[in-house]
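Topology and contacts: notes
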Amino acid sequence: MIITRFAPSPTGFLHLGHALAAKVAFDFTKSRQGQFLLRFEDIDHTRVRPHFYQAIEEDLAWLDLQWDEVPWKQLDRIPQYQDALEQLKRLGVVYPCYCTRREIQNIVNAPQGPEGPLYPGTCRGGPTLEGDPAWRLDCKKAAALTGQLTFSDQRGGQIEVDPELLGDVVLARKDIATSYHLAVVVDDAAQQVSHVTRGEDLLPSTHVHRLLQALLKLPEPEYFHHELVLDENGQRLAKRNDALSIRSLREKGKTPAEVLRALSSSGRKLI
Ligand code: GLU
Ligand code: ZN
């Protein structure tokens, strides 16, 4: 069965970019009698606000993008992420990192990645110390274990994984013992998501996700990275861009059909 999901973080109201992500996932699965799941990616617990869970559900319902099943919350699934981290520890592909945020910001000559400077591996091969570390993926070691990998993207075709693209990413933060990368891979597999649809800004992350799937022996979903919705200045919509929140469009008297129509464009439709 086709299963897609929409995975917003309850840290703000949905905006047009989210509506597009939800609609792409919804349309694809519903034209094939599949399921559309809603998952709250709420591990960024300091930024999560309780009222946004409900607001997101209300906005999706208003857009008539009705989800199947009870939505999952990642904060309910910390033990599952810990299990996955333990497996990675046993494989020897993660290492503890004791660097503070400030130390990382002050690193000079850090290698550049698509999203900014990469962690240069300061703690790699270092000792295990007192206190709660973050855990980082040793991307070179991981790649040596998995061998060359690819993933299939409905827009980009068969893409070779570049295991070093994002460097030694954090898989478990000090405070929450998981991260976006680890949680998304564990949950997409647990929810049997067949098609991962999301904005093309997350394409670099997919290289990490494919690597983690291979290490954890999880199934490989199909991917579709859709175009992003840009504002009138050609900039990505930020959550702070409240003018384009679904809620404010609704308050201005827009109908759901008008909002959804504003989103259609060829690179945004998964055929
Ligand atoms: N939680 C992410 C977001 O709000 C989506 C992640 C994903 O679809 O993999 O953009
Ligand atoms: Zn470190």
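Residues numbered from 1 in each chain as written. Chains lettered and ligands numbered in written order. Predicted model: local features only at pLDDT ≥ 70, side-chain atom pairs only at ≥ 80, totals over all residues. Heavy atoms only, no water.

Describing the packing of aromatic side chains
Within a pair of aromatic rings, the relevant descriptors are the distance that separates the centres and the angle that separates the planes. Put simply, the rule reads: For this analysis, a ring pair means two rings from Phe, Tyr or Trp (six-membered ring only for Trp) whose centres lie within 6.5 Å, classed as stacked if their planes differ by under 30 degrees, edge-to-face if by over 60, and tilted for the remaining angles. Strands here are runs of E lasting at least two residues and helices are runs of H or I lasting at least four, both read from the DSSP assignment and numbered beginning at the N terminus. Type-normalised accessible area, obtained with a 1.4 Å probe on protein chains alone, sets the label of each residue: buried when under 20%, exposed when over 50%, and partly exposed for intermediate values. Lysine NZ or arginine CZ positioned within 6 Å of the ring centre and within 35 degrees of the ring normal marks a charge as sitting over the ring.
Inspection of the entire model under this criterion finds four aromatic pairs. Here the aromatic rings of Phe26 and Phe36 are separated by 5.5 Å at their centres, their planes lie at 90 degrees, and the arrangement is edge-to-face. Taken as a pair, Phe26 in helix H1 (residues 16–30) and Phe36 in strand S2 (residues 35–40) lie far apart in primary sequence, ten residues in all. Overall, Phe26 belongs to the buried group, its relative accessible area being 15%. Both rings, one in Phe151 and one in Tyr223, keep their centres 5.7 Å apart while their planes meet at 70 degrees; by these two values the pair is edge-to-face. Remark: Tyr223 occurs in strand S12 (residues 222–226) and Phe151 occurs in strand S8 (residues 150–153); sequence separation between them is 72 residues. Exposure remark for Phe151: the relative accessible area of 0% places this residue in the buried category. Over the ring of Tyr53 we find Lys73; its NZ or CZ atom is 4.9 Å from the centre of that ring.

Quick notes on the sheet that holds strand S1 (residues 3–6)
The condition that has to hold: Strands qualify as paired when DSSP identifies two bridges or more between them. For helices, the fitted axis covers only the stretch in contact; all axes are lines through C-alpha atoms, and the angles between them, taken along N-to-C directions, range from 0 to 180 degrees.
On the basis of which strands lie adjacent, the open sheet formed by three strands has the order S1-S2-S3 and parallel pairing. Every interior strand has two partners, whereas the edge strands, S1 and strand S3 (68–73), have only one. Each adjacent strand pair in this sheet contributes to an overall mean axis angle of 30 degrees, direction not counted. Relative to S2, S1 runs parallel, the two sharing four bridges.

Regarding the coordination of the zinc ion (ligand 2)
As a reminder of what qualifies: Coordinating N, O and S atoms are those within 2.8 Å of the metal (3.2 Å for Na, K and Ca), and as water is not part of the atoms, a site may appear to have fewer donors than expected. Labels for metal geometry use angle windows, namely 85 to 135 degrees for all angles of a four-donor tetrahedral site, and for square planar (four donors) or octahedral (six donors) sites opposite donors over 155 degrees apart plus all others within 65 to 115; sites meeting none of these are irregular.
Surrounding the zinc ion (ligand 2) are the protein donor atoms Cys97 (SG), Cys99 (SG), Tyr119 (OH) and Cys123 (SG), which sit 2.0 to 2.3 Å from the metal. Geometry at the zinc ion (ligand 2) is tetrahedral, judged from its four donor atoms and the angles of 103 to 124 degrees they form at the metal. Between consecutive donor residues of the zinc ion (ligand 2), the sequence gaps follow C-x1-C-x19-Y-x3-C. Of the residues examined, Tyr119 reaches a relative accessible area of 8% and is grouped as buried. You can call Cys123 buried: its relative accessible area is 15%.

Some words on the pairing of S8
Bridge count for S8 against strand S9 (residues 157–160) is four bridges, and the pairing is antiparallel. Its bridge partner lying in S9, Ser152 is registered against Gln158. Counting the residues that bridge the hairpin from S8 to S9 gives three residues.

The values are spatial; any link to function lies outside them.
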